[in-house]
Amino acid sequence: MRLLVLTVLSVALMVVDARFDALKPLRSQLGQVLTPLYWLAERPVRLWESVGQRFSSRDELIAENEKLKAEALLLQRRLQKLATLTEQNVRLRELLNSAALVDEQVLVGELIGIDPNPFTHRILIDKGEKDGVTLGQPVLDALGLMGQVVEVMPYTARVLLLTDTTHSIPVQVNRNGLRAIAVGTGNPEQLELRHVADTADIKEGDLLVSSGLGQRFPAGYPVATVKEVIHDSGQPFAVVRAVPTARLNRSRYLLLVFSDQRTPEQRAVDAALAQEAADREAAQSGAAPQPPASQPAAPPAPASPPRAASVPPAAPAAPAGGVR
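Residues numbered from 1 in each chain as written. Predicted model: local features only at pLDDT ≥ 70, side-chain atom pairs only at ≥ 80, totals over all residues. Heavy atoms only, no water.

## Some words on the pattern of salt bridges
Working definition: two side chains of opposite charge can pair if their charged atoms are close together.
Thought 1: In total, this model carries 7 salt bridges according to the counting rule given.
Thought 2: One salt bridge connects R158 with E151, and the closest N-O pair in it is separated by 3.2 Å.
Thought 3: Residue R158 is classed as partly exposed on the basis of its relative accessible area, which comes to 22%.
Thought 4: When the shortest N-O distance is used, the salt bridge between D201 and R175 registers 3.2 Å. Placement of D201 in the loop between strand 8 (191-197) and strand 9 (207-210) and of R175 in the loop between strand 6 (168-173) and strand 7 (179-184) is noted, with a sequence separation of 26 residues between them.
Thought 5: Each of R175, D201 and D206 takes part in salt bridges that share partners, so that together they form one network. (Salt bridge = Lys/Arg side-chain N within 4 Å of Asp/Glu carboxyl O. Buried < 20%, exposed > 50% of the residue type's maximum accessible area, 1.4 Å probe, protein only. Helix = DSSP H or I, 4+ residues; strand = E, 2+ residues; numbered from the N terminus.)

Right, dumping it as structure tokens:
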């Protein structure tokens, strides 16, 4: 019975509240009274949600931080690779520029190894017999001569650098053509000229180029720059030290020069054949102009026909004798 009365009362209040504004002030006052209760009731829920958000946001921040660190590392690696590629591009452009100045055919190679022996200056390149590399082939970088091939394998080759103590190269001073022999000292930044007269015209800053003597290195390639000239009045020879123009301990990309590989005997034979052919052509060209030279002598030519005409009178005597 009480439940029924309460139900009817509740329905009546809802109808009155919906159709009339009589209960609006009361509802407002009840809302103000009950607001703290609502806040206290929602407090545990909000506190739990806040704690959950704090922990979840911390985990998300940690994960995002790790992700950003990984991306930063990847970008740094790409940046380093880009710097390396840029440097390689610059070096390859230098090689292309130097290759344009070389008359002979060239092949670009890359350094892939260094001899671990500190008393020898040798490097390993990625071109070998399959690429046409031959023994004694000159090797240079963008700035000058580096050395020569001393060992050829199918896919690699070993290069002896100019600064090795067992290496020497004929050079000449580019300024005046003074010839000398540059030998390695074991120091990658120094060459020494042997047996240079104390009175020789050589000075600091002179450019040394390959002279081509010995038929090993083509002539005209930069070798070194004179760094020091020491004159001693008590010695017959001056002490001349030079710095290689090539970056022997820094260059990674190299040029292999395909110069004339003929032996001196073959060159001599070919030179002799070429001289004979030239002489033959000169003789033919000298014989050809003779007819034009005889053309001006054409006026005397009529004198010969009278001689030919005088032959017929003698001709009848010959037949008569023949008849007899």
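## Here we look at the sheet that holds strand 5 (residues 157-161)
Strand pairing within a sheet occurs via backbone hydrogen bonds; the two strands may be parallel or antiparallel.
Thought 1: With antiparallel pairing, 6 strands are arranged side by side around a closed barrel as 1-2-5-4-3-12. Within this sheet the neighbouring strands show an average axis-to-axis angle of 45°, counted without direction.
Thought 2: Bridging between strand 4 (residues 145-152) and strand 5 involves 5 bridges; their strand directions are antiparallel. Across the sheet, the residue bridging to V149 is V159, located in strand 5. (Pairing = 2+ DSSP bridges. Axes fitted to C-alpha atoms, helices over the stretch in contact; angles between N-to-C directions.)

## Structural notes on the pairing of strand 9
Thought 1: Across 3 bridges, the pairing between strand 6 and strand 9 is antiparallel. Bridging from a neighbouring strand, Q172 pairs with V209 of strand 9.
Thought 2: Inspection of the sheet shows strand 9 paired to strand 10 (residues 222-230) by 3 bridges, in the antiparallel sense. Bridge pairing links L207 to T225 in strand 10.

## Some points on the pairing of strand 1 (residues 105-114)
Thought 1: Here 6 bridges tie strand 1 to strand 12 (residues 253-258), and the two strands are oriented antiparallel to one another. Bridge pairing in strand 12 places V108 opposite L255.
Thought 2: Both strand 1 and strand 2 (residues 122-125) contribute to a ladder of 3 bridges, which runs antiparallel. Directly across from G113, in strand 2, lies its bridge partner L124.

## A word on the sheet that holds strand 10
Thought 1: One closed barrel holds the 6 strands; their spatial order is 6-7-8-11-10-9, and the pairing between them is antiparallel. The sheet shows a mean angle of 40° between the axes of neighbouring strands, direction not considered.

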